[in-house]
Amino acid sequence: MHHLVIGEGQIGSEVIARALADGDAVTVLRRREVEPSPGLRRIAGDVRDPAALAEALEGADSIQACFHAPYDARQWARDLPPRELAVLDAAAERGIPAVFPESMYGFQGAARDLAEGAAPSPLDAKGAVRIALLSQRRAHPAQTLSIIASDLVGPTTMGTGASVACAMVIEPILAGRRPIVFGAPDAPHTLTFVPDLARAMLHAARHGDRLTAHGEGDAVLHAPSAPARTQQELIRAVSALTGRRPRRPWRIPRWSVRALNGVSTFARELSGISELWYAPCVLRPGVLTSQEGLAPTAWKEAVRLTTALPSAPASASEGAAA
């Protein structure tokens, strides 16, 4: 199969690596030029440029839409709908599936135990944008498959600032600093391993006809994700991998994030999704796991692979945080 991957960030790069490992062909459309890679065709251009998109789509059997925008709901609302519409129009014209990674933001109100097929329940502007995008996909004649993931972990998420678990817990511990807990430390929170998300997105492209067999031309599916664990468990697991005793984390009170809403875009956007962190956030298995056989990577192994550390030393303590 030949995939057009649009965007080469934390998700797109993993989709590319997995597709090539599976023996598929890959073309990448990205805004900036990069050095060519063996076995990989890259096109520089924007998805809204018809000429660049047409060139990139030559020979493609699917579109993996892995682009995004800065973490600001106002920019999402301005930039994402027209970019996605360009993808949808191209996919419909060529009769190929378009696959999108999706977040839990549009379902935040039901995130304590999110079942596949749940009704939209956005609680902030970002969630409203995500639901508008899902509605646009559903109304379009293109075949679309949206794969919902929770907060991401994996080697490609490290150092990006795009993963709360990595930026606030994993990276500080690896640097010898105290972790930071945004939310309730003992609330279960699903983490989606990016390689599992990439595998699910490629599977969706290869089996789009079966997965959208209900006749509406679109499917909203849950990425395979290990059972939810708490941030306190994450702190203990990463500390064990480093061979150090867990340190007591810094706690971010919910009121402090809300107090900064008017002066910090990041604080405003983080506050908007706070229900995902100050309460349980559980992404239940869907058909990709229960019917299609895509089992998630075990939680501890996903954490280990994210840190790029070997298995925990036998002497490492996993006692209570000091």
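In this report, the structure presented in the accompanying data block is examined.

What counts, and where the lines are drawn
- Residues numbered from 1 in each chain as written.
- Predicted model: local features only at pLDDT ≥ 70, side-chain atom pairs only at ≥ 80, totals over all residues.
- Heavy atoms only, no water.
- Axes fitted to C-alpha atoms, helices over the stretch in contact; angles between N-to-C directions.
- Helix = DSSP H or I, 4+ residues; strand = E, 2+ residues; numbered from the N terminus.
- Left-handed = near helix turned anticlockwise from the far one by under 90°.
- Contact = heavy atoms within 4.5 Å.
- Nonpolar A, V, L, I, M, F, W, Y, C, P; charged D, E, K, R; others polar.
- Polar contact = N/O pair within 3.5 Å; in protein donor to acceptor, adjacent residues only side chain to side chain.
- Phe/Tyr/Trp six-rings, centres within 6.5 Å; stacked < 30°, edge-to-face > 60°.
- Buried < 20%, exposed > 50% of the residue type's maximum accessible area, 1.4 Å probe, protein only.
- Parallel < 35°, antiparallel > 145°, perpendicular 65-115°, else oblique.
- Pairing = 2+ DSSP bridges.

## Comments concerning the packing of helix α1 (residues 12-21) against helix α6 (residues 194-206)
Between α1 and α6, the least distance of the axes is 9 Å, while the angle of their chain directions is 65 degrees. Read as a crossing pair, α1 and α6 show a hand that is right-handed. Residues Glu14, Val15, Arg18 and Ala19 of α1 form the contact with α6, whose participating residues are Val194, Pro195, Ala198, Arg199, Met201 and Leu202. Considering only residue class, the contact of α1 with α6 consists of 7 nonpolar, no polar and 3 charged.

## Thoughts on the side chain of Ser225
When you line up the elements, Ser225 lands in the loop between β10 (218-222) and α8 (231-242). A distance of 2.8 Å separates polar atoms of two side chains, one belonging to Ser225 and the other to Thr192. A polar side-chain atom of Ser225 sits 3.1 Å from the main-chain carbonyl oxygen of Ala223. Those residues in contact with Ser225, other than ones at most four positions away along the chain, are Thr190, Leu191, Thr192, Leu283 and Pro296.

## Quick notes on the packing of aromatic side chains
Counted under the stated rule, the structure contains 4 aromatic pairs. Ring geometry for Tyr71 versus Trp76: centroids 6.0 Å apart, planes at 75 degrees, classification edge-to-face. For Tyr71, a relative accessible area of 29% corresponds to the partly exposed category. Under the relative-accessibility criterion, Trp76 is labelled buried at 3%. Taken together, a centroid distance of 6.1 Å and an interplanar angle of 10 degrees make the contact between Trp76 and Tyr105 stacked. With Trp76 in helix α3 (residues 73-94) and Tyr105 in the loop between β5 (98-102) and α4 (125-139), this residue pair connects regions lying 29 residues apart in the sequence. Overall, the relative accessible area of 15% leaves Tyr105 in the buried class.

## Considering the packing of α3 against α4
Axis separation between α3 and α4 bottoms out at 10 Å; the angle between their running directions is 15 degrees. For the element pair α3 / α4, the angle class is roughly parallel. Crossing of α3 over α4 shows right-handed handedness. Of the residues in α4, those touching α3 at Ala73, Trp76, Ala77, Leu80, Pro81, Glu84, Leu85 and Leu88 are Ala125, Lys126, Val129, Arg130, Leu133, Gln136 and Arg137. When grouped by side-chain class, the residues that make up the contact of α3 with α4 number 10 nonpolar, 1 polar and 4 charged.

## Re the sheet that holds strand β1 (residues 2-6)
Ordered in space as β3-β2-β1-β4-β5-β6-β10, the 7 strands form an open sheet in which the pairing is parallel. The open sheet terminates on both sides in strands that have one partner only, identified here as β3 (41-44) and β10. Each strand of the sheet is rotated relative to its neighbour by a mean of 20 degrees, with strand direction disregarded. The pairing of β1 with strand β4 (residues 62-65) spans 4 bridges and is classified as parallel. Bridge assignment links Val5 to a residue of β4, and that residue is Gln64. The strands touched by α4 within the sheet are β5, β6 (144-148) and β10, with β5 carrying the most contacts at an inclination of about 165 degrees. Packed onto the sheet, α6 meets β1, β4, β5 and β6 and runs at close to 150 degrees relative to β5.

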